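# What the coordinates show
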Amino acid sequence: RKEVEQDPGPFNVPEGATVAFNCTYSNSASQSFFWYRQDCRKEPKLLMSVYSSGNEDGRFTAQLNRASQYISLLIRDSKLSDSATYLCVVSEDGGFKTIFGAGTRLFVKA
Amino acid sequence: DAGVIQSPRHEVTEMGQEVTLRCKPISGHDYLFWYRQTMMRGLELLIYFNNNVPIDDSGMPEDRFSAKMPNASFSTLKIQPSEPRDSAVYFCASREGTSGRSYNEQFFGPGTRLTVL
């Protein structure tokens, strides 16, 4: 079993749609959780950290369920510019040893 | 700040040759990470440094790979000898220490695309 698992997609959605991604992790001792975004042939960039109480940043909402060991990302009112690969990231070892999921590809169509 | 700088951006070499990838982290960042990304395996952490000291190199695939950080502003990842299966994009990233405001975020460089023929 992979340490961090994501549905690779692709998810093809129209502009304005709501789309949700899930991610599961295997190590119950994991301490920090993030979503990164990676555009084609570019470097990953932090989208948002994921807190136990859930957190929102504009159209993006992240949730963490420690009991079930999964993380979710919800994107509302999708834009063409949201087209990218979304990477679920889990950190161990005090938050430094980072494990990336394989990523979920999103295509937003006009 | 210019962000994390990596060189070269592209490298094409022949099997058996030595390859050296270079990274300059963001000034003031205490941690530096080397990653490898392939279609098959995704993004994998190879090694990370804290204050120029290697902390965890368990992700380094084999003895052909070595990484150094001689000072706070420079790190190298060396592959000797290189093999076709080493072809990948190699990213360097840096982050602040735990006392920084945005200590959770790793800032990635643009990557080096390595092709070993």
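Coordinates for the structure precede this section.
Below is a short write-up of the structure. This structure is a prediction, so every number in the text was calculated from the model and none was measured.

Residues and elements named next belong to chain A. One open sheet holds the five strands; their spatial order is 1-3-8-7-6, and the pairing between them is antiparallel. Edge strands, defined here as strands with exactly one partner in the open sheet, are strand 1 (4–6) and strand 6 (55–57). Between one strand and the next, the sheet's axes are offset by a mean angle of 20°, whatever the strand orientation. Here strand 6 pairs with strand 7 (residues 60–65) via three bridges, running antiparallel. In the strand pairing of strand 7, Glu 56 is matched with Thr 61.

A word on the environment of B:Val53. For B:Val53, the location among the structural elements is in strand 6 (residues 53–56). Once the C-alpha coordinates of B:Val53 and B:Lys68 are considered, the two residues, 15 residues apart in sequence, prove to be 8.6 Å apart.

What follows is about the interface of chain B and chain A. Taken together, the contact between chain B and chain A spans 19 residues of the former and 16 residues of the latter. Between chain B and chain A, roughly 1,600 Å² of surface is buried when both sides are summed, and carbon and sulfur atoms account for 53% of that area. Its largest share of buried area at the contact with chain A, chain B owes to B:Leu43, B:Asn104 and B:Phe108, together 30% of the area lost on that side. One can count one salt bridge joining chain B with chain A. A salt bridge links A:Lys97 to B:Asp56; its shortest N-O distance comes to 3.7 Å. Linking chain B with chain A are three residue pairs in polar contact (both at pLDDT 80 or more).

Time to look at the state of the cysteines. Under the counting rule described, the total for this entry stands at two disulfides over all chains. With its sulfur 2.0 Å from that of its partner, A:Cys23 forms a disulfide with A:Cys88. With the S-S dihedral at roughly -75°, the linkage between A:Cys23 and A:Cys88 falls on the left-handed side. Of this pair, A:Cys23 sits in strand 3 (residues 19–25) while A:Cys88 sits in strand 9 (residues 84–92), and the two are 65 residues apart along the sequence. For the pair formed by A:Cys23 and A:Cys88, the shared burial category is buried. Each disulfide pairs two cysteine sulfurs, and for B:Cys23 the partner residue is B:Cys92, the sulfurs being separated by 1.9 Å.

Here the idea is simple: oppositely charged side chains can pair when their charged atoms come close. All names here are of chain B. Inspection of every chain in the model, using the stated rule, returns 13 salt bridges over all chains. The partner of Arg 85 in a salt bridge is Glu 83, and the shortest N-O contact between them spans 2.6 Å. Connected through shared salt-bridge partners, Glu 62, Arg 64, Glu 83, Arg 85 and Asp 86 make up one network.

Attention now goes to the environment of A:Thr18. Residue and element names in this part refer to chain A. Tracing the backbone through its elements, the reader meets Thr 18 in the loop between strand 2 (11–14) and strand 3. Between the alpha carbons of Thr 18 and Arg 41 there is a distance of 25 Å; along the sequence they are 23 residues apart. For Thr 18, the contacting residues outside a window of four places in its chain are Leu 74, Ile 75, Arg 76 and Asp 77.

Counted according to the given criterion, the structure contains 12 aromatic pairs over all chains. Here the aromatic rings of A:Tyr36 and B:Phe108 are separated by 6.0 Å at their centres, their planes lie at 80°, and the arrangement is edge-to-face. Linking A:Tyr36 in strand 4 (residues 32–38) with B:Phe108 in strand 10 (residues 107–108), this pair reaches from one chain into another. The structure contains a cluster of three or more aromatic residues connected by ring pairs, namely A:Phe34, A:Tyr36, A:Phe100, B:Phe33, B:Tyr35, B:Tyr48, B:Phe91 and B:Phe108. The positively charged end of B:Arg95 is found above the aromatic ring belonging to B:Tyr31, 5.7 Å away from the centroid.

Bringing the nonpolar core into the picture now. Among the nonpolar cores identified, the biggest contains 24 residues, and A:Phe21, A:Trp35, A:Ile71, A:Leu73, A:Ile75, A:Tyr86 and A:Leu106 are the most heavily contacted of them. Those residues in contact with A:Ile71 that lie beyond four places of it in its chain are A:Phe21, A:Asn22, A:Cys23, A:Tyr25, A:Phe33, A:Trp35, A:Val50, A:Gln63, A:Leu64, A:Cys88 and A:Val90.

Turning to the sheet that holds strand 3 (residues 19–24) of chain B, a few remarks are in order. All names here are of chain B. With antiparallel pairing, four strands are arranged side by side in an open sheet as 1-3-8-7. In this open sheet, the two edge strands, each paired with only one partner strand, are strand 1 (5–7) and strand 7 (65–71). Direction aside, the axes of adjacent strands within the sheet are offset by 15° on average. Pairing geometry for strand 3 and strand 8 (residues 74–79), over five bridges, is antiparallel.

The rules we used
Residues numbered from 1 in each chain as written. Chains lettered and ligands numbered in written order. Predicted model: local features only at pLDDT ≥ 70, side-chain atom pairs only at ≥ 80, totals over all residues. Heavy atoms only, no water. Pairing = 2+ DSSP bridges. Helix = DSSP H or I, 4+ residues; strand = E, 2+ residues; numbered from the N terminus. Axes fitted to C-alpha atoms, helices over the stretch in contact; angles between N-to-C directions. Contact = heavy atoms within 4.5 Å. Buried area = accessible area lost by both parts, 1.4 Å probe. Salt bridge = Lys/Arg side-chain N within 4 Å of Asp/Glu carboxyl O. Polar contact = N/O pair within 3.5 Å; in protein donor to acceptor, adjacent residues only side chain to side chain. Disulfide = S-S within 2.5 Å. Buried < 20%, exposed > 50% of the residue type's maximum accessible area, 1.4 Å probe, protein only. Phe/Tyr/Trp six-rings, centres within 6.5 Å; stacked < 30°, edge-to-face > 60°. Lys NZ or Arg CZ within 6 Å of the ring centre and 35° of its normal. Core = buried A, V, L, I, M, F, W, Y, C linked by side-chain atoms within 4.5 Å.

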